[in-house]
Amino acid sequence: MVLWLVFFIKERRSETEMIKNDVIIEAENLRKLFPVMRGLFSKGEDSFVHAVDEISFKIHRGETFGLVGESGCGKSTTGMLLLHLLNRTSGKIFFKENEITRISKNMRKDIQMIFQNPYDSLSPRFSVLNIIAEPLRLMKILQDEREIEKRVIEELEDVGLVPAEDFLNRFPHELSGGQRQRVGVARSFVLDPEFIVADEPVSMLDVSVRVGILKMMKELAQKRGTAFLFITHDLALARVMCDRLAVMYLGRIVEQGPTEELIQHPLHPYTQALIAGVPKPDPDAKRTEELPIIGEVPSGIHIPKGCRFNPRCPYATDECSEIDPILEQAGDKHFVACIRYKKIKNIE
Ligand SMILES: Nc1ncnc2c1ncn2[C@@H]1O[C@H](COP(=O)(O)OP(=O)(O)OP(=O)(O)O)[C@@H](O)[C@H]1O
Ligand code: SF4
Ligand SMILES: [Mg+2]
């Protein structure tokens, strides 16, 4: 099922390449509660969906940081908060050490997003030239039309739409889904941003074209030194794209670390279950040892007491319904929020 992934050539930045204090974006105790209509679930009291609940992380220059987890765990909300498309309930976001609400219009152009759906994110009335040129014109980066066209041609070549001249005057309905997403990527990169949020950027595309688009995005990010927040529920995709991963569960980050370290040595029972559920490249191979997580994700309104994973955790004890674990350092750059991870892993 994910055979195509094995063809993907990984070119991951080594940890040492990342300069320690070269932080592009930082979230500090970030929280987003959505109010729920009074009376619907609340017996008259105000209720909230805890979409993002006190999460902290840093993304470095040129790094691809992945957010993974099941549907509804708060991945997209986190992305929207970083893009400042949603107001946070509390916490802080810094872009290059500047509080995000206070950054200038000029700095704002350094933060872009790649949309999930290439079928409705491109204006049907605009040609490819005008779609990609629009940010340049709006930001008054280039004025001369010949220079604008030259720049758009360079972008088209970088996203693999060649010969570029053949695409300039086409309209979105004349392009395949994969080609549309390449145009969307070109538009996101045209202002040479320093940080891009990509929320499930290939999930609407045919499986056969996904790998090509991801490879192109990764190469482009490496060439330009762009940092990425890569949001996906697909751990196999996260593995090929990301330098570091954060696993989210019910609005919280439960484990965070360098991608290979986290996937080969998962410490949190939820991460272990996610990894056990990823099909192997060999279709005849069985999944790794099954780790039963019980039932569905609880609602974000009635958060379980103690560790929020305890109703589904095969290792839960009474203590787990009392103590709400915080992320603690478990390795060099590896963090986990589980009070029993050492016992589970036979570390003590
Ligand atoms: N505008 C909103 N109003 C109320 N609740 C919301 C709103 N947006 C998101 N939520 C809720 O917040 C929680 C987190 O949603 P979010 O979309 O961030 O999850 P996700 O991890 O991106 O899920 P998916 O993988 O399905 O895209 C969910 O319970 C969702 O129902
Ligand atoms: S704290 Fe307890 S319930 Fe939570 S993940 Fe660890 S063992 Fe499971
Ligand atoms: Mg989402």
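## Examining the sheet that holds strand β1 (residues 23–36)
Phase 1: A sheet is described by the order of its strands in space; here 4 strands give the open sequence β2-β1-β4-β5, paired in antiparallel fashion. Each having just a single partner strand, β2 (47–60) and β5 (98–99) make up the two edges of the open sheet.
Phase 2: Two elements, strand β4 (residues 90–95) and β5, share 2 bridges in a ladder whose sense is antiparallel. When the sheet's bridge partners are listed, F95 is paired in β5 with N98.

## Looking at the site of ligand 1
Phase 1: Close to ligand 1 lie F34, V49, A51, S71, G72, C73, G74, K75, S76, T77, H233 and G300, which account for all nearby residues.
Phase 2: Put simply, the parts of the chain that give the shell around ligand 1 at least two residues each are β2 and α1 (75–82).
Phase 3: When the residues that make up the shell around ligand 1 are grouped by side-chain class, the tally is 4 nonpolar, 7 polar and 1 charged.

## Brief notes about the sheet that holds strand β11 (residues 328–329)
Phase 1: Strand order across the open sheet formed by 8 strands is β6-β7-β8-β3-β9-β10-β12-β11, with mixed pairing between neighbours. The two strands at the open ends of the sheet, each matched to only one other strand, are β6 (111–114) and β11.
Phase 2: Against the sheet, helix α5 (residues 177–189) touches β6 and β7 (195–199), its axis set at about 175° to β6.
Phase 3: Docked against the sheet, helix α9 (residues 269–276) engages β9 (244–249) and β10 (252–258), running at close to 105° with respect to β9.

## A few points about the site of ligand 2
Phase 1: C307, N310, C313, C320 and C338 are the nearest of the 13 residues found near ligand 2.
Phase 2: Residue composition of the shell around ligand 2, by class: 10 nonpolar, 2 polar and 1 charged.

## Digging into the packing of α5 against helix α6 (residues 207–224)
Phase 1: Following both chains from N to C, one finds α5 and α6 inclined at 15°, their axes separated by 10 Å at the closest point. The orientation of α5 relative to α6 falls into the category roughly parallel. Of the two possible hands of crossing, α5 and α6 adopt the one that is right-handed. Where α5 abuts α6, its residues G178, Q181, R182, V185 and F189 lie against V209, G212, I213, M216, M217, L220 and R224.
Phase 2: Per-class residue counts for the contact of α5 with α6 are 7 nonpolar, 3 polar and 2 charged.

## Re the packing of helix α3 (residues 128–138) against α5
Phase 1: Relative orientation of the contacting elements α3 and α5 amounts to 25°, with a least axis distance of 8 Å. Put simply, α3 runs roughly parallel to α5. Between α3 and α5 the crossing geometry is right-handed. Contact with α3, carried on its side by V128, I131, I132 and P135, involves V183, A186 and R187 of α5 and no other residues of that element.

## Examining the pairing of β7
Phase 1: Summarising burial for β7: 5 of the 5 residues are buried, a large majority.
Phase 2: Direction of pairing for β6 relative to β7: parallel, over a ladder of 4 bridges. The residue of β7 that forms the bridge with Q112 is I196.
Phase 3: Bridge count for β7 against strand β8 (residues 227–232) is 5 bridges, and the pairing is parallel. Paired with I196 across the two strands is F228, which belongs to β8.
Phase 4: Taken together, β7, α6 and β8 form a β-α-β motif whose crossover is right-handed.

## What to know about the environment of L235
Phase 1: Following the sequence through the fold, L235 ends up in helix α7 (residues 235–241).
Phase 2: With 12 residues separating them along the chain, L235 and V247 place their C-alpha atoms 9.6 Å apart.

## Considering α6
Along an α-helix, a turn takes 3.6 residues, which lines up residues three or four apart on a common side.
Phase 1: With 18 residues, α6 ought to run about 26 Å at 1.5 Å a step, and its terminal C-alpha atoms sit 27 Å apart, in line with that.
Phase 2: Taken together, the buried positions of α6 are occupied by R210, I213, L214, M217, K218 and A221. Looking straight down α6, one finds that the buried residues subtend no more than 135° of arc, so they occupy a single side. Residues S208 and K223 are exposed on α6 and point more than 90 degrees away from its buried face.
Phase 3: Looking at the buried side of α6, the elements it contacts are β3 (64–68), α5, β8 and α7.

## Regarding unusual backbone geometry
Phase 1: The omega angle of the peptide bond from V162 to P163 is -10°, so this bond is cis rather than trans.
Phase 2: Inspection of the secondary structure assignment puts P163 in the loop between α4 (145–158) and α5.
Phase 3: The phi dihedral of N29 falls on the positive side, at around 50°, and the residue is not glycine.
Phase 4: Mapped onto the elements, N29 comes out in strand β1.
Phase 5: Positive phi, close to 45°, is recorded for K96, a residue that is not glycine.
Phase 6: What makes K96 partly exposed here is the crowd of 15 C-beta atoms within 10 Å.

Calculation notes
- Residues numbered from 1 in each chain as written.
- Chains lettered and ligands numbered in written order.
- Predicted model: local features only at pLDDT ≥ 70, side-chain atom pairs only at ≥ 80, totals over all residues.
- Pairing = 2+ DSSP bridges.
- Helix = DSSP H or I, 4+ residues; strand = E, 2+ residues; numbered from the N terminus.
- Near = placed C-beta within 6 Å.
- Nonpolar A, V, L, I, M, F, W, Y, C, P; charged D, E, K, R; others polar.
- Contact = placed C-beta atoms within 7 Å.
- Axes fitted to C-alpha atoms, helices over the stretch in contact; angles between N-to-C directions.
- Parallel < 35°, antiparallel > 145°, perpendicular 65-115°, else oblique.
- Left-handed = near helix turned anticlockwise from the far one by under 90°.
- Buried ≥ 20, exposed ≤ 12 C-beta atoms within 10 Å, placed from the backbone.
- Right-handed = clockwise from strand over helix to strand, strands pointing away.
- Expected span 1.5 Å × (residues − 1).
- Arc of directions from axis to C-beta.

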